[in-house]
Amino acid sequence: MTDDDAVVVLRDVQYAIGTREIFNGLNLRVRRGSITAVMGPSGTGKTTLLRLIMGQILARRGEVRVFGQQVASLDRRALYRLRQRVGMLFQNGALLTDLSVFENVAFPLREHADLPEAVLRELVLMKLQAVGLRGAADLMPAELSGGMARRVALARAIVMDPELLIYDEPFVGLDPISMGVIVRLIQSLNRLLGITSIVVSHDVRIISAMADYSYLLSGGKVIAEGSPAELCKEKSDAVQQFMSGTPDGPVPFHYPAPDYFEQLLARTKACAPSDS
Amino acid sequence: MALSALGKVGSISLFLVRVLGQCLPALARPGLVIRQIYNAGARSLVIIMLSGLFVGMVLGLQGYQLLARFGSESALGMAAALGMIKELGPVLTALLFAGRAGTSLCSEIGLMGATDQLAAMEMMAVDPVRHVVAPRFLGGLIAVPLLAAIFSCIGIYGAQLIGVTMMRIEPGTFWSQMQSAVGLRDVNEGLIKSVVFGAACSLIAVYEGYHAEPTAEGVGLATTRTVVTSAVVVLLLDYMLTAAFL
């Protein structure tokens, strides 16, 4: 893949929060028109990666390019112009709680497009219909379930017909029917409109079914990449552990801690009555 | 300690410049600002009117007792009006505003941050300072002088209730003394003070909310800081403005 084919390019990216290193030498490319999955154990910085791509945070070292533009060098106005070409679905939906479902979806259009009210209404209802929530247009976000809120957020993310769609854990909390609809929607947006998608998810089964290319992150780096079928065949223990979901392997399940037995023993000693 | 306080003053000043820069675009959408004037102003009316009435009545009682010692009870109208318009109206309104509307502004913006709503706006290429902060700042800035005027009027009425109805001061004397002593300069002093206090309280509330830690505890702490800082700043500014107007 050349840089011309790539919508997003991360090259040797290093990022840390305080002294905690999140990425060290991260390299990643997202091909135009593809569905690219980013997977990895919890706490590997998948959401941080999305924030780097959107220019919400800046890498300490390395290069983040989106649509050929280096994100770190953009001023606020240029960054906002770039973001108008991108839609993002937040993990928790992030709906504006003082606006109705309809107004939430209409929000980007009202801000960026000078449309007649009738056209705006048609567009919003079309997007709500696509996520199956046209009937909920007048509800407030507080009246929605978590899954419904995420579907509304998806309608809002696609209302501007973006060139790049970023999904942060889009399948969490969805019932099987909604999940099927959302998967088909992501796929049809990709196939019919040529929208490039980046999907962050833990769901290996769904990702395997829909992604063209996958990256597996661990320890601040990409430890494996390729099509889902290639990842499944990957011999590396870390990849196999993640793909098969086993707790034992090179990727630690437990947060670093002192020896369990010694810690329990120390507590027992501290609680024991003194001999004197 | 001093360095950190200086840093915070610098940070608030930079934030003020950013907010002021977004005030004109925010005014281009009057609906957003009017909604905030309603939230911060109209919803504070009951507490402002009740407080104004009782403060005016206390002023009437204390003023009458004091003036009676010198046989100048007839000056109660003048004393109450000057006290309310120049000092008590702007200061107490600002303190009540900080407690009632400032906390609400701060926690609302803080929770928007904690639930990723501000980040979502950023991602949709909408500046949250223009869409969320500036309308709330303007709402407070416009609401406080209006509330202070209502507070002062009700307060003067409260003082009149005590002075004229209870203490039997001649109504004509009460009102004419007030009319002859209170000039446009006094009204302007009260107006300028309330505008400055309104700007200070609104700025502190939106700053603390916008910079609150995105946790329940963080929003709670920011709300507390809003009330404490607003109270201290209002009293400090009141001293400085009073000295400047002398």
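Residue indices begin from 1 for each chain and proceed along its sequence in written order. Naming scheme: in the order in which they are written, chains are lettered from A and ligands are numbered from 1. Reporting in this predicted model follows two pLDDT cut-offs: at least 70 for local features of residues, and 80 or more for side-chain atom pairs to be given and counted; totals over whole chains, interfaces and linings ignore these cut-offs and use all residues. Excluded from the side-chain calculations are hydrogens and water; all other atoms, namely the structure's heavy atoms, are used.

Visitor: Got a minute to help me understand the pairing of strand 2 (residues 20-31) of chain A in this structure?
Guide: Walk down a regular strand and you will see the side chains alternate between the two sheet faces. Residues and elements named next belong to chain A. Strand pairing is assigned whenever DSSP identifies at least 2 bridges connecting the two strands. Here a strand is any run of E in DSSP of at least two residues, a helix any run of H or I of at least four, and the numbering for each starts at the N terminus. With nine bridges connecting them, strand 1 (residues 6-17) and strand 2 associate as antiparallel partners. Residue pairing in the sheet places V9 in a bridge with R29 of strand 2. Linking two consecutive strands that pair antiparallel, namely strand 1 and strand 2, is a turn of two residues; a positive phi of about 65° is found at G18 within it.

Visitor: Just checking my understanding: could you explain the nonpolar core for this structure?
Guide: Nonpolar side chains in soluble globular proteins generally cluster together in the buried interior. Here the nonpolar core consists of buried residues drawn from Ala, Val, Leu, Ile, Met, Phe, Trp, Tyr and Cys, with membership extended through side-chain atoms lying within 4.5 Å. Think of it in three bands: residues with accessible area under 20% of the maximum for their type are buried, residues over 50% are exposed, and the middle band is partly exposed, with areas taken using a 1.4 Å probe on protein chains only. One finds A:V8, A:L10, A:L49, A:L164, A:I166 and A:I198 to be the most contacted residues of the largest nonpolar core, which totals 63 residues. No other element matches the six residues that helix 7 (residues 128-166) of chain B contributes to this core. Counting 49 residues, the second largest nonpolar core, distinct from the first, contains A:L128, A:A137, A:I158 and A:L231.

Visitor: Where do I start with helix 4 (residues 45-69) of chain B in this structure?
Guide: Three- or four-residue spacings in an α-helix give side chains the same orientation, since the helix completes a turn every 3.6 residues. Residue and element names in this part refer to chain B. By this rule, a helix spans an expected 1.5 Å times one less than how many residues it contains. Here helix 4 contains 25 residues, and its C-alpha end-to-end distance of 36 Å stays within 8% of the 36 Å for a straight helix at 1.5 Å per residue. Buried residues of helix 4: I48, S51, G52, G56, G60, G63, Y64 and L67, and no others. Elements in contact with the buried residues of helix 4: helix 5 (76-114) and helix 7. Note on helix 4: the residue one or two positions beyond its end, G71, has a positive phi of about 65°. Only heavy atoms matter for contacts: two residues are in contact if any of them lie within 4.5 Å across the pair.

Visitor: What am I meant to see in the layout of surface pockets here?
Guide: Unoccupied space between atoms shows up once a probe the size of one water molecule is rolled over them. In this model, the largest pocket occupies a volume close to 870 Å³. Of all elements in the fold, only strand 1, strand 2, helix 1 (46-53) and helix 2 (76-83) of chain A together with helix 5, helix 6 (117-123) and helix 9 (184-210) of chain B reach the threshold of two or more residues within the lining of the largest pocket. Under the scheme applied, nonpolar residues are Ala, Val, Leu, Ile, Met, Phe, Trp, Tyr, Cys and Pro; charged residues are Asp, Glu, Lys and Arg; polar residues are all the others, including Gly. For the lining of the largest pocket, the residue count by class is 16 nonpolar, 15 polar and eleven charged. As defined here, a cavity is a set of points on a 1 Å grid over the protein atoms alone where a 1.4 Å probe fits but cannot get out. A pocket is an open set with protein on both sides within 12 Å along at least five of seven lines, and residues line them when an atom is within 4 Å of a point. Grid points are joined across faces, edges and corners, and a volume is the space filled by probe spheres set on the points.

Visitor: Could you clarify how one ought to interpret the interface of chain B and chain A in this entry?
Guide: Interface size is commonly expressed as the accessible area that is lost once the parts come together. Between chain B and chain A, the contact holds 19 residues from the first and 21 residues from the second. A side-chain nitrogen of Lys or Arg and a carboxyl oxygen of Asp or Glu constitute a salt bridge if their distance falls within 4 Å. The tally of links between chain B and chain A comes to four salt bridges. Close ionic contact of B:E122 with A:R83 constitutes a salt bridge, the shortest N to O distance being 3.0 Å. For the purposes of these results, a polar contact is taken to be a pair of N or O atoms within 3.5 Å, where, inside protein, one atom must be able to donate a hydrogen and its partner to accept one; residues adjacent in sequence count only when each atom of the pair is a side-chain atom. Inspection of the region where chain B meets chain A yields seven residue pairs in polar contact (both at pLDDT 80 or more). If one sorts the elements of the side of chain B that touches chain A by residue count, helix 6 of chain B sits on top with six residues. The class makeup of the residues in the side of chain B that touches chain A is eight nonpolar, three polar and eight charged.

Visitor: Hey, could you run me through the sheet that holds strand 10 (residues 221-226) of chain A in this one?
Guide: Each strand in a sheet pairs with another by means of backbone hydrogen bonds, the pair being arranged parallel or else antiparallel. All names here are of chain A. Taken in spatial order, the six strands make up an open sheet running 6-7-8-3-9-10, and their pairing is mixed. Each of the sheet's edge strands pairs with one partner strand only, and the pair in question is strand 6 (86-89) and strand 10. Adjacent strand axes in the sheet meet at a mean angle of 15°, parallel and antiparallel pairs treated alike. Sheet topology places strand 3 (residues 35-39) next to strand 9 (residues 213-218); four bridges connect them, and they run parallel. Pairing of T36 across the sheet is with Y213, part of strand 9. Here an angle of 0 to 180 degrees is reported between the N-to-C directions of two axes, which are lines fitted to C-alpha atoms, with helices fitted over the stretch in contact.

Visitor: Would you explain the sheet that holds strand 1 of chain A in this entry?
Guide: All names here are of chain A. Strand order in the open sheet formed by four strands is 2-1-4-5, with antiparallel pairing between adjacent strands. Where the open sheet ends on each side, the last strands, each with one partner, are strand 2 and strand 5 (69-70). Across five bridges, strand 1 lies against strand 4 (residues 61-66) in antiparallel orientation. Bridging across to strand 4, V9 finds its partner in R65.

Visitor: Even after reading the chapter, I still don't get the confidence of the model for chain B, so can you show me in this structure?
Guide: Regions with low pLDDT should not have their predicted coordinates read in detail. The predictor rates its confidence in each residue with pLDDT, a number between 0 and 100. Mean pLDDT over chain B: 93, with 100% of residues reaching 70 or higher. Per the prediction output, this complex has pTM 0.84; the corresponding ipTM is 0.81.

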